[in-house]
Every structure is written in structure tokens, then in C-alpha cells.
Amino acid sequence: MKKTGKKFIALLTAGILAIGLAGCGTGDSKGADTDTSNTTQSKGLKTLRIGAAGQDGNYTMELGNLAYDSGILEDELNKVGYTAEIVPFATGGPEINEALAANEIDAAIVGDFPIFTANSNGIDTTIVALTNQKNQYGILAAKGINSAKDLEGKKVIVPAGTVAQYYWEHYVEANGLDASKIETINAASDATSLLQSGDADAYAITGYIAAYYEELGLGHVLKNEAEVDASTTFAFEVKDSILTDDLGVAINKALIRSYEEAVKNPDELYKDLASETIPESAWKASYAFDSSLSFLSPEITPDIEKYYDNLNEWLVSKGIISSKIDVSDVVNDSYFAKAQSELEK
């Protein structure tokens, strides 16, 4: 196949992935599900069905990728009577919420937007840990756009009701842009074709997808001229109907151990995240804002809870959820401290 053909297929595949990330983020992990039913039954383990964005054995779980692929998650779950099964959903958040409502999965590793919308619709889940405290976003721009101010008078793709819109509004404010001079286009699946045809000039999108598109020559990522306080989180949620202290602590133990491994050996983390769809280099570019990888800690800090309060208000203001939900009902930050204490013994 000619090089141009490979690039087209890569763009098409990444474009499909971008549909899912508009609601919750998307990426890849090489962990492959295997039929462990006989082994599970012999050990008397219950299956924890964990939803994640992805397909063909590639999953979007951020730090959860390493926890699953390394066997650390399985190890900690086994100790409390569970085995892990990853259930993939091509479009991420919306499908995951439907599966939670239909009792087809027990938990999920997903962006915070779908978690809040699920709870607003009566799907009772709890965030027990984080797999990324600061999911990054960026502006992919066409040639000739070299600064934020250059976006005025241009057309920018901003999928409505998504994390991209949340980021874009903060980006406009931080950079002092006149929003009335910028035409926003509500698109997702056809975003790349709009950029290639010149019908759009820029795209607000998740950081590692922006980095990958830049590698493919679709545009360039604008450098941050102003600090944009608009990162979101990737979280591990569990249905309230099955959540116990033992399970919540086990999940945190697995993520704490995985976080320590990631800090010691970042290259191993990037290898777990990388695939033909989103290469290792794109993940490195997205994570480069903090070389310490501190943002991968599973701890739900007071700052994160404050962010959730603000997110709650933003979702209501945009009509994405009908009324504010009690954040304390959606978040339980106690499991991390218990897990950390037990691991230190």
C-alpha cells in the first residue's frame, strides 16, 4: 500500500476514535481478553465486568492500561474475590452508560462527563479512584494559524456538549479571544475531513489525538500562550449495588502499585498505551506537561472534588444535565488512604 493510503486509513481510524473521545477520551491498550471462565470458577471468583472505550483489544484506561496489562489489577482483585474482564465500547461514554443501566457491566474506566451524566439519569455509580487527574486538550490548527489570536475570523470544530466544548470555552477566556469573531462547528466523525477540505481551520480535541494528527500532517498543535485551567479527569467508577470497602480498596491498591511502576519506568507505560492507532510518541507529547507523571496518581484530592463541583455547575448551565447532583454521592475519596496504609504495612 502506498504511504498516502496508510495515512488516509490512519486518519479515518483516528477519526472514528475521536467520536468516542468527544465524550470521554479514547486511546489504546494492548491487553487482550481471554476466556478464563474455567479458572475463575475453580477459584470461586466473581467477574468484575469493566467497561472501557476501545475495540480490537485496544482500550482507553490511562493508568488503568498498565494496571490491567501488567496483571496488577487482576492480582489485587483476586485477593477480594474478583477477576477482571474488560468490556470494550467503540464510542465510549454513551455506550458505557447504556451498558451500566442495562446491568451489562459492573464498573467502568471512563471520563468524568459520562459519569456525571449517568448519575444525573439515575445510574448510581461511585468514583473510587482516578486513572488520570489532568487529561489534556489542545487546538489543532491549519497552516497560517500561529497564535490563539489568529483563530478570530476562523472556523473551529468544537463538538457541542463535550469535554472539547468545556476546554474551548476556557481556552477562549484565558486567551482573551472575542468569541463572536469565531465560528464554531459542531462536528466529530467528519472533523478530519472538514480540516482536510479547508471547511474548518482548527479543532479543539484531546491532547494525544491532537499530537497524533500533527504527526500525520493534518495540522499543528498551537503552543499554550496562556494557562488554560480546563483539564478533566479519567476515573474508575463502580456500581453502588456491588461496591464494598474491600473492592474499593483493592482497586486503589492496584492503581497505586501501577502508578509507582509508571513513575519508575515511564517507557513501559507508554508502550502499554501505544498502538497502531495512537502511537507512543503521541502519548509522550500529551504527557510532557508534567514529566513527574504526578497527575497519574489515583488519589481523589480536594482540588479534584472542587473541580467536580465546578463541572457539575457547567453541565447544568449547558443543559447537559437537568439539575445539580450531590458530588459527595458520586465520589468516595476514602479508599485511597486505606489502600495506601495497607500497602505500607
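Digging into the overall build of the protein
Part 1: A count of helices and strands for the protein gives 15 helices and eleven strands.
Part 2: The buried share among the 345 residues of the protein stands at 55%.
Part 3: Sequence-distant contacts in the protein: of pairs separated by 6 or more residues, those separated by 24 or more amount to 82%.
Part 4: A total accessible area of about 14800 Å² is found for the protein, and carbon and sulfur atoms account for 46% of it.

Some words on the confidence of the model for the protein
Part 1: Per-residue pLDDT for the protein has a mean of 89; in total, 88% of the residues score no lower than 70.
Part 2: Long-range and interchain partners of residues 1-13, a stretch whose pLDDT sits below 50, account for eleven contacts in this model, where long-range means more than four residues apart.
Part 3: Segment residues 25-38: pLDDT under 50, and 51 contacts once partners within four positions in sequence are set aside and those in other chains are kept.

Quick look at the pairing of strand β3 (residues 82-89)
Part 1: The element β3 is extensively covered by neighbouring structure, given that six of its eight residues are classed as buried.
Part 2: Where strand β1 (residues 46-55) lies against β3, eight bridges are found, and the strand directions are parallel. The residue bridging arginine 49 from the neighbouring strand is glutamate 85, located in β3.

Focus on helix α12 (residues 280-287)
Part 1: Residues of α12 that are buried: Ala282, Trp283, Ser286 and Tyr287. End-on, the buried residues of α12 take up no more than an arc of 125 degrees, which puts them together on one face.
Part 2: Where the residues of α12 are buried, they touch β5 (125-135), α9 (207-215) and α11 (266-273).

Topic: the pattern of salt bridges
Part 1: Counted according to the given criterion, the structure contains 13 salt bridges.
Part 2: Residue arginine 49 pairs with aspartate 106 through a salt bridge whose shortest N-O separation is 2.8 Å. With arginine 49 in strand β1 and aspartate 106 in the loop between α5 (93-101) and β4 (107-111), this residue pair connects regions lying 57 residues apart in the sequence.
Part 3: On the basis of relative accessibility, which here comes to 9%, the residue aspartate 106 falls in the buried class.
Part 4: A salt bridge links lysine 338 to aspartate 245, with the shortest nitrogen-to-oxygen separation between them at 3.6 Å. Here lysine 338, found in helix α15 (residues 334-344), pairs with aspartate 245, found in helix α10 (residues 245-264); they are 93 residues apart in sequence, far enough to count as distant.

Quick look at the environment of asparagine 97
Part 1: Locating asparagine 97 in the fold gives a position in helix α5.
Part 2: On the basis of relative accessibility, which here comes to 12%, the residue asparagine 97 falls in the buried class.
Part 3: Not counting residues up to four positions away in its chain, the partners in contact with asparagine 97 are Pro114, Thr117, Ala118 and Ile123.

Re unusual backbone geometry
Part 1: For asparagine 103, which is not a glycine, the phi torsion comes out positive at approximately 60 degrees.
Part 2: Accessibility expressed as a relative area gives 45% for asparagine 103, which makes it partly exposed.
Part 3: Residue leucine 293 is not a glycine yet carries a positive backbone phi of 60 degrees.

Analysis parameters
- Residues numbered from 1 in each chain as written.
- Predicted model: local features only at pLDDT ≥ 70, side-chain atom pairs only at ≥ 80, totals over all residues.
- Heavy atoms only, no water.
- Helix = DSSP H or I, 4+ residues; strand = E, 2+ residues; numbered from the N terminus.
- Buried < 20%, exposed > 50% of the residue type's maximum accessible area, 1.4 Å probe, protein only.
- Contact = heavy atoms within 4.5 Å.
- Areas by Shrake-Rupley, 256 points an atom, 1.4 Å probe, with all protein chains shown as cover.
- pLDDT = per-residue confidence, 0-100.
- Pairing = 2+ DSSP bridges.
- Arc of directions from axis to C-beta.
- Salt bridge = Lys/Arg side-chain N within 4 Å of Asp/Glu carboxyl O.

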